[in-house]
Amino acid sequence: MLSDRALPPSGPSPERFPLRRRTLLAGGASASVALLALSACTDEDAEPGPQEPDTDEVSALKVVYSENPNARGDWTVWSVSYDLAEDQEAPPLYDASTQQARHEALEAKKAEKQWTVQDPLVVLDPYGSTRTGLYVHFEDAAGGRLDVLCQAASTEDFAHTAANHAAGTGFEGLVIGAIPGAHNTLTVTWRPEGGDETAAELRIKAPTTASGYGTAVAAEIVDADALTPGLFALGGVTDLSNNTYLFDNTGIMRAELHSGDTAAHHVVPEDGRIVTTTGSRQLGVLDPFGHATTLIDLGEHSVHHDLAVVDDLAYLLTSLASSGRVEDRVIRVDLGSGAVEEVVDLQKVLPEYESLAHAQEGEAGGSVVQGKDWIHINSIDITDGVMILSARETSTIIALDDALDPGSEPSVRWMIGVEALWEGTGYEEHFLTPEGDVIGNAGQHTVHRIDDDALPDGQFYLEMFNNNYWRLSTREDADWQDVGPDDATTDEHDGASHALRYVVDENASTFRQDEAVELPYSSVVSNVNRLGDGGIDQPMVTNSGRANEYSERSADGTVLASYRYDSASHGYRVYKAPFDGFWFTAT
């Protein structure tokens with residue numbers, strides 16, 4: 001059967017940044033040893049908790065600034081490289097010492113002189129995370145706005161106002177928009193408060209994508225004016241690197257977010273930061289300049305599929321390497337302190353069902369974790385203290401109480417799915433009763449709760465990508481073949497999926513179908529999510545991963561634009577964000 005786990009890349013990616021080689025490192029043998037240690041460290045070696053930069057490793061890593069030979073125009077563009085010994089490889093990008101060395105190099109460059117709007121500091125991807133992002137810094141007598149127009153042959157113009165993160169006057173921000181591998185012309189206009197505007201033109205051939213992935217998807221635009229501003233984030237593209245690709249509304253790539261040894265299945269921009277996984281056993285927080293300001297190692301826990309951020313806490317779906325089971329844990333990571341603590345082990349919550357399932361060997365989330373994939377959690381939602389999990393292997397939606405804090409004892413609040421599959425386990429009493437005709441969820445992904453003031457107290461919406469694929473690999477055929485939803489299919493390649501919405505009534509312990517929008521079929525992976533404030537009156541983004549197609553749709557599911565992309569098997573998920581106040585400013 002198909003799996004929705006990320007496949008490893010088919011070959012090594014090109015170097016992400018140029019390297020300057022020399023025979024000896026400044027600082028002698030001790031510096032070489034420090035750099036060797038930095039290059040050799042891995043997520044699997046790390047104890048859980050926040051990474052701290054090592055002073056010796058930072059000083060040993062020589063970060064070099066040089067004028068970019070592929071840039072021309074009114075501004076000088078600087079590139080970042082490393083000065084390494086001939087036998088040294090570049091250090092891991094998402095390492096606290098690497099990020100600190102790059103940060104100190106940028107700060108030193110800023111301190112070289114007073115940078116002005118006529119002669120600003122412009123650095124291509126200073127922290128190595130966005131590939132083509134241009135860091136821009138200059139001082140001025142007042143604050144203002146920086147308008148950017150990106151142009152390239154055979155593509156529509158990409159115009160926006162860059163978010164300004166300078167403290168009061170002048171400008172500091174990351175200009176996103178240069179197309180990887182293309183000859184880009186950027187017209188940049190500074191409009192200071194109460195002053196005269198200044199315009200500059202910059203021509204740059206941007207670096208190609210790290211994987212060689214194409215910079216355009218096939219777009220069919222139905223209503224361009226109805227599309228929301230922002231960028232689509234396509235992640236988990238099989239056999240084509242672990243990076244996340246950011247596409248504009250016309251289907252052109254405008255940035256590439258670097259990942260680690262596994263795909264970042266969910267990139268969460270919120271509260272002036274991006275929270276995402278930066279490795280199979282690492283969580284990272286990126287600031288608007290691309291700086292991984294926080295890197296937290298997860299120890300034995302290997303991430304997969306999804307995460308949720310609540311205030312300053314991140315909840316991640318994980319597998320515990322030593323458990324013999326996969327994809328059945330949730331950990332909580334404190335983004336402030338870096339504390340990593342397990343909050344849910346589903347085997348302890350549902351032991352009677354776990355005992356019925358036989359082993360299914362497999363990898364978890366692109367890592368090397370092996371074990372019994374008995375329930376396969378693929379999404380997490382946290383609202384009003386309730387954790388809602390999507391269990392793909394059992395086609396069950398599980399709501400948990402007391403699941404958010406370490407040391408608490410999670411318990412089942414309710415379940416939605418095929419009750420017959422759980423016969424004899426004692427959990428049958430937790431299933432909500434369907435009212436009226438329902439398609440029924442089968443192999444569902446990205447289950448999320450939507451509250452609405454128009455609903456009575458105790459009621460809310462649940463919306464999901466209903467793959468509509470009924471299949472289990474951890475139970476005998478006789479246990480599951482004849483008990484699935486009537487409309488679900490066991491065919492991996494032929495069927496219909498849905499953006500499926502229920503109304504849940506916790507007071508009555510019932511649910512009913514509220515809406516079902518037919519989508520291109522995808523037996524595994526995929527997602528649906530609402531834009532704006534997340535209400536059912538907002539546009540939605542859907543991704544049918546096996547069909548290699550994502551779309552933006554109106555609130556009722558009418559297609560506004562659809563996009564087809566390349567992969568060896570599937571694209572795991574597609575989200576969209578306005579990045580307002582982060583990279584862009586609404587005008």
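Model, not experiment: these values are computed from the prediction. (Residues numbered from 1 in each chain as written. Predicted model: local features only at pLDDT ≥ 70, side-chain atom pairs only at ≥ 80, totals over all residues. Heavy atoms only, no water.)

A. Up close: the overall build of the protein. If you tally the helices and strands in the protein, you get six helices and 39 strands. If you line up the protein on its principal axes, its C-alpha atoms span 75 × 55 × 40 Å. Long-range pairs, those at least 24 residues apart, make up 61% of the contacts in the protein with a sequence separation of at least 6. Accessible surface, the protein: about 22,000 Å² in total, of which carbon and sulfur atoms supply 44%. (Helix = DSSP H or I, 4+ residues; strand = E, 2+ residues; numbered from the N terminus. Contact = heavy atoms within 4.5 Å. Areas by Shrake-Rupley, 256 points an atom, 1.4 Å probe, with all protein chains shown as cover.)

B. Structural context of the pattern of salt bridges. Within the structure shown, the criterion is met by 31 salt bridges. Note that Arg191 and Glu197 form a salt bridge whose closest N and O atoms lie 3.2 Å from each other. For the salt bridge of Arg329 with Asp345, the shortest nitrogen-to-oxygen distance reads 3.4 Å. Here Arg329 is found in strand S23 (residues 329–334), whereas its partner Asp345 is found in strand S24 (residues 340–345), with 16 residues between them in sequence. Of the two residues, Arg329 and Asp345, neither departs from the other in class, the shared state being buried. (Salt bridge = Lys/Arg side-chain N within 4 Å of Asp/Glu carboxyl O. Buried < 20%, exposed > 50% of the residue type's maximum accessible area, 1.4 Å probe, protein only.)

C. Just the packing of aromatic side chains, in detail. What the rule picks out here adds up to 19 aromatic pairs. With a centroid separation of 6.4 Å and 35° between ring planes, the pair formed by Tyr353 and Trp374 is classed as tilted. Within this pair, whereas Tyr353 is found in helix H5 (residues 351–356), its partner Trp374 is found in the loop between H5 and strand S25 (377–383), the two being separated by 21 residues in sequence. Through pairs of rings, three or more aromatic residues link up here, namely Tyr353, Trp374, Trp422, Tyr427 and Phe431. It is Arg501 that lies over the ring of Tyr461; its NZ or CZ is 5.4 Å from the centre. (Phe/Tyr/Trp six-rings, centres within 6.5 Å; stacked < 30°, edge-to-face > 60°. Lys NZ or Arg CZ within 6 Å of the ring centre and 35° of its normal.)

D. Representation of helix H3 (residues 96–110) in the model. Over its 15 residues, H3 runs 21 Å from end to end, which matches the ideal 21 Å to within 8%, given 1.5 Å per residue. Ala96, Ser97, Thr98, Gln99, Ala101, Arg102, Ala105, Leu106, Lys109 and Lys110 are the residues of H3 that are buried. In this structure Asp95 caps H3, since a side-chain oxygen of it lies 2.9 Å from the backbone nitrogen of Ser97. (Expected span 1.5 Å × (residues − 1). Polar contact = N/O pair within 3.5 Å; in protein donor to acceptor, adjacent residues only side chain to side chain.)

E. Broad picture of the side chain of Glu57. Position of Glu57 among the secondary structure elements: in helix H2 (residues 55–60). The buried charged residue Glu57 lacks any salt bridge partner; its closest oppositely charged side chain belongs to Lys62, at an N-O distance of 14 Å. At 3.0 Å, the side chain of Glu57 forms a polar contact with the side chain of Ser97. (Lys, Arg positive; Asp, Glu negative; His and termini not counted.)

F. How the structure looks around the nonpolar core. With 59 residues, the main nonpolar core has Leu134 and Trp583 as its most contacted residues. Broken down by element, this core gets its largest block of residues, five residues, from strand S5 (residues 77–85). Not counting residues within four places of it along the chain, the set of residues in contact with Leu134 comprises Val77, Val122, Val123, Leu124, Gly173, Leu174, Val175, Leu186, Leu202 and Ile204. Of all hydrophobic cores here, the second largest spans 35 residues; its members include Leu346, Ile375, Ala403 and Leu404. (Core = buried A, V, L, I, M, F, W, Y, C linked by side-chain atoms within 4.5 Å.)

G. Representation of the sheet that holds strand S8 (residues 144–151). An order of S4-S12-S11-S8-S9-S39 is seen for the six strands of this open sheet, with the pairing classed as antiparallel. Of all strands in the sheet, those with a lone pairing partner are strand S4 (71–73) and strand S39 (584–585), marking the two edges. Across two bridges, the pairing between strand S9 (residues 158–162) and S39 is antiparallel. By the bridge assignment for S39, Ala162 is matched with Phe584. (Pairing = 2+ DSSP bridges.)

H. Geometry of the sheet that holds strand S18 (residues 273–279). With respect to topology, five strands assemble into an open sheet ordered S2-S20-S19-S18-S17, the strand pairing being antiparallel. Single-partner strands in this sheet number two, and they are strand S2 (49–50) and strand S17 (268–270). Looking at chain direction, S2 and strand S20 (residues 292–297) are connected through two bridges and run antiparallel. Each residue of the ladder has a partner; that of Pro50, found in S20, is Ile296.

I. A look at unusual backbone geometry. Of note, the phi angle at Asp271 is positive, near 55°, even though the residue is not glycine. Relative to the assigned elements, Asp271 resides in the loop between S17 and S18. The class for Asp271 is exposed, based on a relative accessible area of 66%. One non-glycine residue, Asp384, adopts positive backbone phi at about 50°. Along the polypeptide, Asp384 turns up in the loop between S25 and strand S26 (386–391).

J. Molecular detail of the environment of Asp381. The residue Asp381 is located in strand S25 in this model. The exposure class assigned to Asp381 is buried, which follows from its relative accessible area of 11%. Sequence separation between Asp381 and Val309 is 72 residues; the distance between their C-alpha atoms is 9.2 Å. The contact partners of Asp381, leaving out residues within four places of it in the chain, are Val386, Met387, Ile388, Val447, His448 and Arg449. Among the polar contacts made by the side chain of Asp381, one reaches the main-chain amide nitrogen of Arg449 at a distance of 3.5 Å.

K. The confidence of the model for the protein, seen in detail. For the protein, mean pLDDT is 92; residues scoring 70 or higher make up 91% of the total. Here residues 5–17 is a poorly scored stretch, pLDDT under 50, and it has 38 contacts once near neighbours within four places are set aside; other chains count. Segment residues 21–33 is flagged for pLDDT under 50; beyond a separation of four residues in sequence, or across chains, it makes 23 contacts in the model. (pLDDT = per-residue confidence, 0-100.)

L. Main features of the pairing of strand S34 (residues 527–530). Side chains Asn527 and Asn529 of S34 all project onto a buried face; the interleaved residues Val528 and Arg530 project onto the opposite face, where all are buried too. Two strands pair when backbone bridges link them, and S34 and strand S35 (residues 540–544) are joined in this way by four bridges, in the antiparallel orientation. Directly across from Arg530, in S35, lies its bridge partner Met540.

M. Representation of the environment of Ile450 within the structure. Its place among the elements puts Ile450 in strand S30 (residues 445–450). Along the sequence, Ile450 and Glu463 sit 13 residues apart, while their C-alpha atoms lie 7.4 Å from each other. Contacts of Ile450, omitting those with residues within four sequence positions, involve Phe460, Tyr461, Glu463, Arg530, Gly534, Gly535 and Ile536.

N. Structural view of the side chain of Ser562. Its place among the elements puts Ser562 in strand S37 (residues 559–564). Here Ser562 falls in the buried class, since its relative accessible area comes to 13%. Those residues within four positions of Ser562 in sequence are excluded, and the remaining contacts are Ala218, Ala219, Glu220, Glu549, Tyr550 and Ser551.

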